[in-house]
Amino acid sequence: MAKKTLNIVESAYRAVMEEQDDTILWLLAAMQGAGAEHTAVLRGNAVNYAVAGQGAPGLTIGGWQQTQAPRMDNDVIDLIQKRKIPVLVIEEDLAARGIERGELVPGVELISAKMLPKRMAEYDIVSHW
Amino acid sequence: MSQKTFAVALMDPPYESENLTTAFRILGAMAQRGHNIKVFAYEGASALAFARQAPHPNPVHGKNAAEENHPTTKDQVVALLALAEKSGGMVDWVNCGMCVDERGVGDFVAGRRGSPADFHTFCEASDNVLTISTK
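Residues numbered from 1 in each chain as written. Chains lettered and ligands numbered in written order. Predicted model: local features only at pLDDT ≥ 70, side-chain atom pairs only at ≥ 80, totals over all residues.

Peer 1: Tell me about helix α2 (residues 23-33) of chain A, residues and numbers included.
Peer 2: All names here are of chain A. Those residues of α2 that sit buried are Leu25, Leu28 and Ala29. Down the axis of α2, the buried set is contained in an arc of 95°. They therefore lie on one face. Positive backbone phi, approximately 110°, marks glycine 35, located one or two places after α2. (Buried ≥ 20, exposed ≤ 12 C-beta atoms within 10 Å, placed from the backbone. Helix = DSSP H or I, 4+ residues; strand = E, 2+ residues; numbered from the N terminus. Arc of directions from axis to C-beta.)

Written out as structure tokens, the structure is:
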């Protein structure tokens, strides 16, 4: 049985245009496919990954065009629905940014920062990204 | 609009931050308007034009290499030079030679090997200077 890992993702939108995804969410998805058992916590600016309907136009330079620009909300949905990776979002960080619960993709779980230490105790490994 | 000359210093390596995407959007706008651009690719940015960058499939996305169409910064550099030429401007892309040596990325698709002295020359010869540094 795989060790349970809680992944707190705080660094956000770092190279997502060039990578066409978030490197940590991608890593968790790939590791889950290899048998890992992950949970993701979005905190800080990363809570915005769970906001539905976001997106950026692909980069275009003259005749060169990016055709697969990232959609972070879809990647969060993919984690939850396809990878079966629970995604938690820190309530206080949403509130600090004026993001309402109704703006988030379905399936995310809200958690208070105050409850996070207790949640950590349920895991074998805690990684802060 | 009169043609201007801009010196631009880049410092971030590919695939590590959003700075380069922002930089390429600005550089593309400069090139589109026919301005001359003098780029000093310093530190990690000296790998932007590295010829052996390769797009890859993405199994997590469920896409093969063609479907993923993964961006490479070397293609963006080539596209920038082509756009500038088409629009009547010119790009002088200089890769910091010592930075290139440190990283083993001396095989570039475009640009030339240079030194901080080139950036000094660029600054002296430009109407304005934009520095996008690593933070």
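Peer 1: How would you sum up the interface of chain B and chain A? Please name residues and give values.
Peer 2: Buried accessible area, meaning the area lost when the parts come together, often serves as the stated size of an interface. Between chain B and chain A, the contact holds 22 residues from the first and 18 residues from the second. For the side of chain B that touches chain A, the secondary-structure elements that each account for two or more residues are α1 (19-32) and α3 (73-86) of chain B. A class-by-class count of the residues in the side of chain B that touches chain A yields 10 nonpolar, six polar and six charged. (Contact = placed C-beta atoms within 7 Å. Nonpolar A, V, L, I, M, F, W, Y, C, P; charged D, E, K, R; others polar.)

Peer 1: Quick rundown of the pairing of strand β1 (residues 5-10) of chain B? Include the residues and the values.
Peer 2: Residues and elements named next belong to chain B. Two strands pair when backbone bridges link them, and β1 and strand β2 (residues 36-41) are joined in this way by six bridges, in the parallel orientation. Directly across from leucine 10, in β2, lies its bridge partner alanine 41. A crossover connection joins β1 to the parallel β2 through α1; in handedness this β-α-β unit is right-handed. Taken together, the five bridges between β1 and strand β5 (residues 128-132) define a ladder with parallel strand orientation. Opposite phenylalanine 6, over in β5, you have asparagine 128 as the bridge partner. (Pairing = 2+ DSSP bridges. Right-handed = clockwise from strand over helix to strand, strands pointing away.)

Peer 1: So, helix α5 (residues 116-125) of chain B: which residues are in play, and what are the values?
Peer 2: All names here are of chain B. Of all the positions in α5, only Asp118, Phe119 and Phe122 are classed as buried. On an axial view of α5, the arc spanned by its buried residues comes to 100°, and they lie on one face. Facing away from the buried surface of α5 by more than 90 degrees, the exposed residues are Ala117, His120 and Glu124. Against the buried residues of α5 lie β1, β2, β3 (91-96) and β4 (112-114).

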